[in-house]
Amino acid sequence: LRGKVVVRQDDAALERFLGFMAALDMTRWHYLSSLCLNVDFSQRSFDPTVAESLTRALPHTSRLESLQLRNAERLLTSHPGLLGAFAALPNIKHFEVFDSKKDSCVSLLRTMRWPLRSAAIAIGPDGDDARLSDIHPLWILQNARETLESLVAWINKLTMTTNPTS
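Worth saying up front: this structure is predicted, and the values here are computed from it rather than measured. (Residues numbered from 1 in each chain as written. Predicted model: local features only at pLDDT ≥ 70, side-chain atom pairs only at ≥ 80, totals over all residues. Heavy atoms only, no water.)

1. Details of helix 2 (residues 48-57)
Thought 1: Looking only at helix 2, the buried set comprises Val 50, Ala 51, Leu 54, Thr 55 and Ala 57. What you see down the axis of helix 2 is that its buried residues fit within an arc of 165°, all on one side. Away from its buried face, by an angle of more than 90 degrees, helix 2 presents the exposed residues Pro 48 and Arg 56. (Buried < 20%, exposed > 50% of the residue type's maximum accessible area, 1.4 Å probe, protein only. Helix = DSSP H or I, 4+ residues; strand = E, 2+ residues; numbered from the N terminus. Arc of directions from axis to C-beta.)

2. What about the packing of aromatic side chains?
Thought 1: In this structure the tally under the stated criterion is 3 aromatic pairs.
Thought 2: Judged by centre distance (5.8 Å) and plane angle (40°), the ring pair of Phe 98 and Trp 154 falls under tilted. Here Phe 98, found in strand 4 (residues 94-101), pairs with Trp 154, found in strand 6 (residues 150-155); they are 56 residues apart in sequence, far enough to count as distant.
Thought 3: Here Phe 98 falls in the buried class, since its relative accessible area comes to 17%.
Thought 4: Above the plane of the ring of Trp 139 lies Arg 110, whose end atom (NZ or CZ) is 4.2 Å from the centre. (Phe/Tyr/Trp six-rings, centres within 6.5 Å; stacked < 30°, edge-to-face > 60°. Lys NZ or Arg CZ within 6 Å of the ring centre and 35° of its normal.)

3. Here we look at the side chain of Thr 55
Thought 1: Along the chain, Thr 55 turns up in helix 2.
Thought 2: A distance of 2.8 Å separates a polar atom in the side chain of Thr 55 from the backbone oxygen of Ala 51.
Thought 3: Every residue in contact with Thr 55, bar those within four places of it in the chain, is listed here: His 79, Gly 81, Leu 82 and Ala 85. (Polar contact = N/O pair within 3.5 Å; in protein donor to acceptor, adjacent residues only side chain to side chain. Contact = heavy atoms within 4.5 Å.)

4. Overview of the nonpolar core
Thought 1: Leu 14, Leu 69, Phe 86, Phe 95 and Leu 116 are the most contacted members of the largest nonpolar core, which has 51 residues in total.
Thought 2: Considering each element in turn, this core owes the most residues, 5 residues, to helix 4 (residues 82-87).
Thought 3: Apart from residues no more than four positions distant in its own chain, Phe 95 is found in contact with Leu 67, Leu 69, Leu 108, Leu 109, Trp 114, Leu 116, Ser 118, Ala 119 and Ala 120. (Core = buried A, V, L, I, M, F, W, Y, C linked by side-chain atoms within 4.5 Å.)

5. Re unusual backbone geometry
Thought 1: At Leu 24, a residue that is not glycine, the phi angle is positive and equals roughly 60°.
Thought 2: Relative to the helices and strands, Leu 24 is located in the loop between helix 1 (11-22) and strand 2 (34-39).
Thought 3: On the basis of relative accessible area, Leu 24 is assigned to the exposed category, the value being 58%.
Thought 4: A positive phi angle is found at Met 26, which is not glycine, with a value near 65°.
Thought 5: Structurally, Met 26 can be placed in the loop between helix 1 and strand 2.

In short, geometric facts, not functional conclusions.
Quick look at the structure:
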């Protein structure tokens, strides 16, 4: 658990990972420093019991500093408490989110209070009437303005790279 843990495939793989991590009264979560959730939801919908298990487990990740979410939209909206559980993580310094729509990603980034140093975000607006100003990365990451050193953002086929300390 000292290296990067990557959960791929489907929610069954995530369920097995959660079962492994739940052993020993959830203490394994305290050793996790980096997590990439790359769960493929294309075959069917995400199992709500797995989403609930993940929601209950996240508060135990006190040392998690690096978080990557792939297929983020389906993951973040799979359980009502999951977005809040991710946002409440205390020590995220490096964050990457891909395949997300505006509402869930913006909500996560606007509510988090992470000591974020670097971020890579790929978000798209919800619908044709969305404005780019609603999802501007510096606006949605304003809670990290004191600590953010590096930002790469992909929005609507536009690529923005900026150094917020300049």
